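Chain by chain, the residues:
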2 protein chains.
Amino acid sequence: MGGGVGSLMTLLGRLVSDTDQASVESIALFVGLLCACIVIGHLLEENRWTNEAINSLFIGLGTGLVILLATKGQSSRIMEFDEELFFIYLLPPIIFNAGFQVKKKQFFRNFMTIMLFGAIGTMISFCVISFGAKALFGTLDIGYLELRDYLAIGAIFSATDSVCTLQVLNQDETPFLYSLVFGEGVVNDATSVVLFNAIQKFDLSSIDSTIALKFLGNFFSLFITSTLLGVSVGLLCAYVIKRLYFGRHSTDREFALMILMAYLSYIIAELFDLSGILTVFFCGIVMAHYTWHNVTAGSRITTKHAFATLSYIAETFIFLYVGMDALDIEKWEFVRKSPGKCVGASALLLGLVLLGRAAFVFPLSFLSNFAKKSKSDKLSFRHQFTIWWAGLMRGAVSMALAYNQFAKSGHTKQPGNAVMITCTITVVLFSTVVFGIFTKHLLRLLLPPSDFNDPTIPSEPSTPPSMTMPLLANEQDPGEDPMGSRNIPRRHSLRMLLTTPTNTVHYYWRKFDDAYMRPVFGGRGFGEQVLG
Amino acid sequence: MGGGVGSLMTLLGRLVSDTDQASVESIALFVGLLCACIVIGHLLEENRWTNEAINSLFIGLGTGLVILLATKGQSSRIMEFDEELFFIYLLPPIIFNAGFQVKKKQFFRNFMTIMLFGAIGTMISFCVISFGAKALFGTLDIGYLELRDYLAIGAIFSATDSVCTLQVLNQDETPFLYSLVFGEGVVNDATSVVLFNAIQKFDLSSIDSTIALKFLGNFFSLFITSTLLGVSVGLLCAYVIKRLYFGRHSTDREFALMILMAYLSYIIAELFDLSGILTVFFCGIVMAHYTWHNVTAGSRITTKHAFATLSYIAETFIFLYVGMDALDIEKWEFVRKSPGKCVGASALLLGLVLLGRAAFVFPLSFLSNFAKKSKSDKLSFRHQFTIWWAGLMRGAVSMALAYNQFAKSGHTKQPGNAVMITCTITVVLFSTVVFGIFTKHLLRLLLPPSDFNDPTIPSEPSTPPSMTMPLLANEQDPGEDPMGSRNIPRRHSLRMLLTTPTNTVHYYWRKFDDAYMRPVFGGRGFGEQVLG
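The shown structure was predicted, so the numbers you read here are calculated from the model rather than taken from an experiment.

A few words on the confidence of the model for chain A. All names here are of chain A. The predicted model of chain A has a mean per-residue pLDDT of 75, with 76% of residues at 70 or higher. Element-level pLDDT for chain A is lowest in helix α1 (residues 3-11), with a mean of 30, against a maximum mean of 92 in helix α11 (residues 251-271). Every residue in residues 1-19 is under pLDDT 50, and counting partners more than four places away or in other chains gives 41 contacts. Below a pLDDT of 50 lies the segment residues 451-491, which in the model reaches 79 contacts outside its immediate sequence neighbourhood of four places, other chains included.

Right, here's the structure in full:
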């Protein structure tokens, strides 16, 4: 803050004198800016050329600039970009809410495609970026980087920004694309985490063919344990609330238990080195499917809105934060000396990001189409292009990974590391702003209005209705999915499984769910007794 | 955590390796314990001999004990008691929610009595405890304490625990007593803060009569600026939401703006050395009176429950935390050497707390009764006794102040300071558990069932109804207060002002509110246009 407020601060004593004054100051600034972001985001909502992520980013940049000028170039940061803040406090509510509000039918219908894109696709992108960077960075002379660093670059720039995807695509307007791109983003996060983790742990001096297998085994065990953990915590929460009839006593207790158990699932996953993102995502899905139906009507409305609001605040905070952090003067010291190299490296990385994504979206779409019989399920070229484009944004996950790899304990002084940090910031800012701005327009251009709505699912208004009961009807529960019961003939199940595997799995899941799961864990049709 | 988990931890690497592993570990433990507190609190709800504060305290103590045994006496704490955590994160939601849910009519009807108790009463209690401690501690030989320390002791032990009051008294069962004791607690917090602040700032070597005047001036300016700040932020929020018609767009944005602006008011107050507690309390009142009526029905239900839940989680956390912190071995080192002195000092302080509170409750009640004409408004001896008893609990505010005064930077090694910390913990535990347990029984014993409900106000169910619309009707708005319009003759206003000052003020406030405030800031009857 320096300047104005700084001089004011010296005038003021404080009650709790060993509370860090600077932290109170920066909390006040951040909270004030968050309010500004909300109001400005509201005012610019109708504007086609911006979205809330970009607004927050620019408000952050503007504030950084003001501070930079006020302190005469000494500092632009109120706080250092803090991975712990990001991974422990900001990310969980966003991903949990995504799981809680996701249209489960769409998600599970496209499950195989999502997995293909998220796991195999990310690996392909990782390889393209890593080897591309290794091959091309030599020509730029930006300082020495180890093999480990190049692999880290691959992992960092393969991490799609699922938060930004949420902002750009609209679940209600383009449910099919949203579920694909967002679902891919969640799986992609997990993959990047495994890759990054593996890079830091594995002995890279002796690479052989078993490493690849280890990677793969590692990924699948991580994916399965993380998912199971999330599902178990969600089911436990549903069971506890159903058994104890919390609803009879207190809405506040139900809400508190849901929020705490969701967070617990994330923290336990982090503690055991799993993918907290996957865990909390599946915990959200299970809570929406079972727990949510066991609570009072008041709790349903409260949880729906409160989770969305927490997620919204966390998202806004992240973009604000990235914007403010970007102008930190220390990081740009090296760039001042050789601006050309940095621009070159950033452009190169951006090109590799574009290429790396293209290298898996189009081939894998072809593969996915190959497996699908009905024409309406296939991905047209326009869809493929949109998927490619909408996943190009890089965001806070990339920033956090880059800081972790290149900015540890004053490491930034080394030219190679300094360049990588500034490149990451450049790519993040550029991709968020430029790709973000054009995505809305691209969607309108590429997808004819009829494509905007999946024909099988009625469109829903994008703003939640203000009254309460209609709101509850929004919930798309697999249990009353019209597709599931209408389209599937009930016989010849084995042959069916081979021809329309997803629908058949869904049909049997529904039977299992109704017969065994709902009587124990609650859910639509079984929670009513609690509401009484 | 040490032991079991510790050895497990060494087996696990971590993605974000410079995120403090210990902090993830302790977050996981705390969140898990919070869930346990909620479930156990629910199971023991019907039990007369406990309440949620005591449950959490015992769960905290139990966990501390387990850790102590697991680490073989090395440590019982997962984290050090952290004032910043307490004052910056845990206290604001509790006090804001208290303001948001308070029965405004009761509060303002008893405003003068509350001020008398909270301001003058706390000063009296402060003097009794300070001078009592100074006179009697000499005989105990517990180490050297300065005059400043004795004054700090007075401030520390004058701070009523408003959080615990909320747990023990029930707004719906005993609205009159609740508003008095809780309102007093809020003003008392502010007074203690001013006193404590003044003690640390003033030059105590030259005490003269002007000091007392300065104290008084300081208190009133702090009270007025803090209140004004809270009211202004609340009004600003109401105005912004009304003007921009947020409701038309997004429930999440409204909720986010309310929660952020409420927090902003607290943080700004802290930044400018005002009483954040007073500020956020009045901000809550204004938001309930104006802002709440400008938002969508969904937002109303969400804010009502979400604020209550946040407050509930923060309260549970505080008691858990105090319980866990109490078993920290280092603090009890000195006690082991001379247990008698500590028990003596604690008993002495507890006696002074009892005496100090008696020294103002009974005389000031007499004064307050003297000013009131109608017999029903007067405080009976039973009421006075209950007020005295219900305000005896000391809690986290006392702990935080004591740590601030006596435990700075390894200061605890000095015997005098160590004794004061252990005494504070003893008094807090004893008063919360013993006074807490007996308050419910005392209330039933002292107050005949008819007294449980203020005759003028219909009783409300203590659990919020699960449906939404009836819930909205709970709001006790000054605007449709039957008292205000029925009991007051509309003429001879000057004479009226002298005989029934509070009611008259209320009558004019209502006229002013309807004519000028509501058209601008919204509120019942003017928010409807937004709800459409």
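On to unusual backbone geometry. Residue and element names in this part refer to chain A. With phi around 65 degrees, D273 is a residue other than glycine that occupies positive phi space. Along the polypeptide, D273 turns up in the loop between α11 and α12 (276-294). Taking the relative accessible area as the measure of exposure, D273 reaches 12% and is therefore buried.

To continue, consider empty space enclosed by the protein. In the structure shown here, the tally under the stated rule is 14 cavities of 30 Å³ or more. Taken as a whole, the largest cavity encloses approximately 80 Å³ of empty space. Around the largest cavity, the lining residues are F255(A), I259(A), A306(A), T309(A), L310(A), I313(A), F255(B), I259(B), A306(B) and L310(B). Top element by residues in the lining of the largest cavity is helix α13 (residues 297-326) of chain A. It accounts for 4 residues.

Another point: the packing of helix α4 (residues 83-101) of chain B against helix α12 (residues 276-294) of chain B. Residues and elements named next belong to chain B. It is at 7 Å that the axes of α4 and α12 come closest, and there the two elements cross at 45 degrees. With respect to each other, α4 and α12 are oriented oblique. The two elements α4 and α12 meet at a crossing, and its hand is right-handed. Each of L91, P92, I95, F96, A98, G99 and F100 in α4 lies in contact with α12, whose residues at this interface are I277, V280, F281, C283, G284, I285, M287, A288 and W292. For the contact of α4 with α12, the residue count by class is 14 nonpolar, 2 polar and no charged.

In this structure, I153(A) and I153(B) are the most contacted members of the largest nonpolar core, which totals 301 residues. With residues up to four places along the chain from it excluded, the contact list for I153(B) reads I129(B), A133(B), F137(B), L145(B), L349(B), F406(B) and M420(B).

Turning our eyes to something else, we now look at the pattern of salt bridges. When the charged atoms of two side chains lie near each other, side chains of opposite charge can form a pair. All chains considered together, the criterion is met by 9 salt bridges over all chains. Put simply, E52(B) and R253(A) hold a salt bridge, and the shortest N to O gap is 2.6 Å. Separated into two different chains, E52(B) in helix α3 (residues 52-70) and R253(A) in helix α11 make up a pair that spans both.

In total, this model carries 57 aromatic pairs over all chains according to the counting rule given. An angle of 85 degrees between the planes, with centres 5.3 Å apart, marks the rings of F107(A) and F108(A) as edge-to-face. F108(A) sits in the partly exposed class, given a relative accessible area of 36%. The cationic tip of K304(A) hangs over the ring face of W292(A); the distance from NZ or CZ to the ring centre is 5.0 Å. Seen from the ring of W292(B), R300(B) lies directly overhead, with NZ or CZ sitting 5.5 Å from the centre.

What counts and how
Residues numbered from 1 in each chain as written. Chains lettered and ligands numbered in written order. Predicted model: local features only at pLDDT ≥ 70, side-chain atom pairs only at ≥ 80, totals over all residues. Heavy atoms only, no water. pLDDT = per-residue confidence, 0-100. Helix = DSSP H or I, 4+ residues; strand = E, 2+ residues; numbered from the N terminus. Contact = heavy atoms within 4.5 Å. Buried < 20%, exposed > 50% of the residue type's maximum accessible area, 1.4 Å probe, protein only. 1 Å grid on protein atoms, 1.4 Å probe; cavity = no way out; pocket = protein on both sides within 12 Å on 5 of 7 lines; lining within 4 Å. Points joined across faces, edges and corners; volume = space filled by probe spheres on them. Axes fitted to C-alpha atoms, helices over the stretch in contact; angles between N-to-C directions. Parallel < 35°, antiparallel > 145°, perpendicular 65-115°, else oblique. Left-handed = near helix turned anticlockwise from the far one by under 90°. Nonpolar A, V, L, I, M, F, W, Y, C, P; charged D, E, K, R; others polar. Core = buried A, V, L, I, M, F, W, Y, C linked by side-chain atoms within 4.5 Å. Salt bridge = Lys/Arg side-chain N within 4 Å of Asp/Glu carboxyl O. Phe/Tyr/Trp six-rings, centres within 6.5 Å; stacked < 30°, edge-to-face > 60°. Lys NZ or Arg CZ within 6 Å of the ring centre and 35° of its normal.

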